[in-house]
Structures are given as C-alpha cells and as structure tokens.
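# Residue-level structure breakdown
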Amino acid sequence: MKTLHLDLRYYYLPRRASITESEFHHRTLSFQFQASEIALLLVDVWSDHYVKTHLQRGRDITLERIKPVIQAFQSIGATVVHAPSSDCARKYPGWTGYAGDREVFGRSPGSSASSDSWPPAEFRKKSGTYEKWARPQDPSDPIFDAILKDRKIIPEVEPQPGDDVIVTGDQLHRLLSHRKILHLFATGFAANMC
C-alpha cells in the first residue's frame, strides 16, 4: 500500500491562563497517510476568469504548484476530485458518478415545486413583494457572461481517467463515504467568494 508522508506545521498556543504571546510558536507533526484514505480536492481551477489580475496569477500557481501535487496524488493512487463549480463540472464526463437527483435534476426524489412551498418562490427569487431584499444588479456584460458560460478547468490539469468531478458538497460526501476517505487536502481558488 502506497503512503504519503507529510510534516504538518501548526501554530501552538499553550492551554493555560496568563500566557504571553511570546509563548506562541510553531510545532510540526509527522504523518503517514494511506493513499486509499486521502483525497485531493481541487476548487475552482478555472481556465478563464473575469478578474484579469487573477487569471495569469492563477494559471501560474496552477502550473507551478498545483499540477505537481495532482501528479503526486495520482502517482500513489490517491483520489483526485475536481470541484470547479456546477456549470463547469457538467462539461466533464463522469460528473454524475456520485450525483443524486438534486445534482442531476435540481431537486430531491419525490419533490415538486408545489411541495417545496416555503419560503415562497417570490422570496427565493427576490421578486414581487420581496424585490427589496435583492442585491442591486449590474448591467449585463456579454464578455463576462461568456466567460462564466464557457470556462473549463485549466487544460494542463483537466480531469484524467480515474479522477472524479463533483458539483455539490453532498456529492463529495457520498464519494468520500463510498471510498472510506478520511483525510481531505484542498487547494484551488476563490475560497474568499465561495
């Protein structure tokens, strides 16, 4: 069984009263992870982005930092999971591997619009009586809209045979449960917005 050895650094704070900040320091723990019990989660590793300054920096980070990590996980047979947002994920085969009805059809089994009446549809859409709760809308920008519609995963790190692609947290949970994965390593972008 292949393993991954990692020295993980953390910030140590003594658990006692009246300490001073000078007592805070880094410590390191060494771990051996079984390849079958770990997964790498890649979040929003997009090929295109509407934030110009993010686009080149994100590509450089992906090629220099993330790609070697993907290759390391793949080389030991660990699970690699792509989570590029629902519109993007659906462009890749296999995204339905651990999908339920909600991911595929947009609702849970047996549910219908009439049985899902709370909160009211107008409230959920921020329309009608509830329009005052909606955020202001910027004018439509066709280039922005095209980026969101057409973006994919950066080609050099697109899903490979054996990789998984997910749309929701529930789908990720089913994948992790099915494979008995205990440790999840996450990397990627836009966590400040997601």
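Look a little higher up for the structure.
Read on for an overview of the structure. Residue positions are given per chain, counting from 1 as you read along its sequence in written order. Local features are withheld for residues below a pLDDT of 70 in this predicted model, meaning they are given only at 70 or higher, and side-chain atom pairs are given and counted only at 80 or more; totals for whole chains, interfaces and linings count all residues. Only hydrogens and water are set aside when side-chain values are computed; all heavy atoms of the structure are taken into account.

### With respect to the side chain of Thr62
By the secondary structure assignment, Thr62 is in helix H1 (residues 52-75). To sort residues, take the accessible area from a 1.4 Å probe on protein chains only and compare it with the maximum for the residue type: under 20% means buried, over 50% means exposed, and anything in between is partly exposed. A residue is classified by how much of its surface remains accessible, and Thr62, at 0% relative accessible area, is buried. Contacts are assigned to residue pairs with any non-hydrogen atoms lying within 4.5 Å of each other. Excluding residues within four positions of it along the chain, Thr62 makes contact with Val45, Lys67, Ile154, Val157 and Phe189. Only DSSP runs of H or I reaching four residues or more are called helices, and only runs of E reaching two or more are called strands; each is numbered from the N terminus.

### Here's the deal with the nonpolar core
Put simply, a nonpolar core is a bunch of buried Ala, Val, Leu, Ile, Met, Phe, Trp, Tyr and Cys residues held in one set by side-chain atoms that sit within 4.5 Å of each other. Core analysis: the largest hydrophobic core is formed by 25 residues, its most contacted members being Leu4, Ile38, Leu42, Ile70, Phe73, Ile76 and Val157. With residues near it in sequence (within four places) discarded, Val157 still touches Val45, Thr62, Lys67, Ile70 and His82.

### Side note on the packing of aromatic side chains
Pairing of aromatic rings covers Phe, Tyr and Trp, the last through its six-membered ring, and needs centres within 6.5 Å; plane angles under 30 degrees mean stacked, over 60 mean edge-to-face, and all others mean tilted. Considering all chains together, one arrives at six aromatic pairs under this definition. Aromatic pair Tyr11 and Phe24: ring centres 6.1 Å apart, planes at 85 degrees, arrangement edge-to-face. Of this pair, Tyr11 sits in strand S1 (residues 3-12) while Phe24 sits in the loop between S1 and strand S2 (25-34), and the two are 13 residues apart along the sequence. Ring geometry for Phe31 and Phe33: centres 5.7 Å apart, planes at 40 degrees, overall tilted. Clustering of aromatic rings is evident, with ring pairs tying together Phe31, Phe33, Phe73 and Phe185. Placement of a positive charge over a ring is assigned whenever Lys NZ or Arg CZ falls within 6 Å of the ring centre and within 35 degrees of the normal to the ring plane. Its guanidinium or amino end placed over the ring of Tyr12, Arg27 lies 3.5 Å from that ring's centre, counting from NZ or CZ.

### Some words on H1
Look at H1: 33 Å from first C-alpha to last across 24 residues, which is about the 34 Å you get at 1.5 Å a residue. To get the bend at a residue, fit one axis to the 7 residues ending there and another to the 7 starting there, then take the angle between the axes. The largest bend in H1 amounts to roughly 40 degrees and is located at Thr62. Those residues of H1 not exposed but buried are His54, Gly58, Thr62, Ile66, Ile70 and Phe73. For H1, the secondary structure elements touched by its buried residues are S1, strand S3 (38-43), strand S4 (79-83) and strand S6 (183-188). Here the expected span of a helix is defined as 1.5 Å times the quantity of residues minus one.

### Regarding the pattern of salt bridges
For salt bridges, the criterion is a side-chain nitrogen of Lys or Arg within 4 Å of an Asp or Glu carboxyl oxygen. In total, this model carries six salt bridges according to the counting rule given. Across the salt bridge formed by Arg16 and Glu23, the nearest N and O atoms sit 2.0 Å from each other. In this structure, Glu158 engages Lys152 in a salt bridge whose closest nitrogen and oxygen atoms are separated by 4.0 Å. Residue Glu158 is classed as partly exposed on the basis of its relative accessible area of 23%.

### A closer look at a nonpolar patch on the surface
A cluster of nonpolar side chains, contributed by Leu8, Leu29 and Phe31, occupies part of the molecular surface with about 230 Å² of accessible area. With respect to the helices and strands, the residue Phe31 is situated in strand S2. By relative accessible area, which is 35% here, Phe31 ends up partly exposed. Distance thresholds for patches are 9 Å for like charges and 5 Å for nonpolar side chains (Val, Leu, Ile, Met, Phe, Trp, Tyr), applied to residues having over 30% relative accessible area and no salt bridge. Accessible areas in this description were obtained via Shrake-Rupley with a 1.4 Å probe; residue shielding takes into account the shown protein chains only.

### Digging into the environment of Glu156
Mapped onto the fold, Glu156 is located in the loop between helix H5 (142-150) and strand S5 (164-165). Between the C-alpha atom of Glu156 and that of Thr62, which follows or precedes it by 94 residues, the distance is 8.7 Å. Discounting residues that sit within four places of it in the chain, Glu156 has contacts with Arg59, Leu63 and Lys67.

### Notes on the pairing of S3
Of all six residues that make up S3, five are buried, and the element is covered over most of its length. A pair of strands is considered paired only if DSSP assigns at least 2 bridges between the two. In this structure, S3 lies alongside S4, joined through five bridges in parallel fashion. Looking at the pairing, Val43 lines up with Ala83 of S4.

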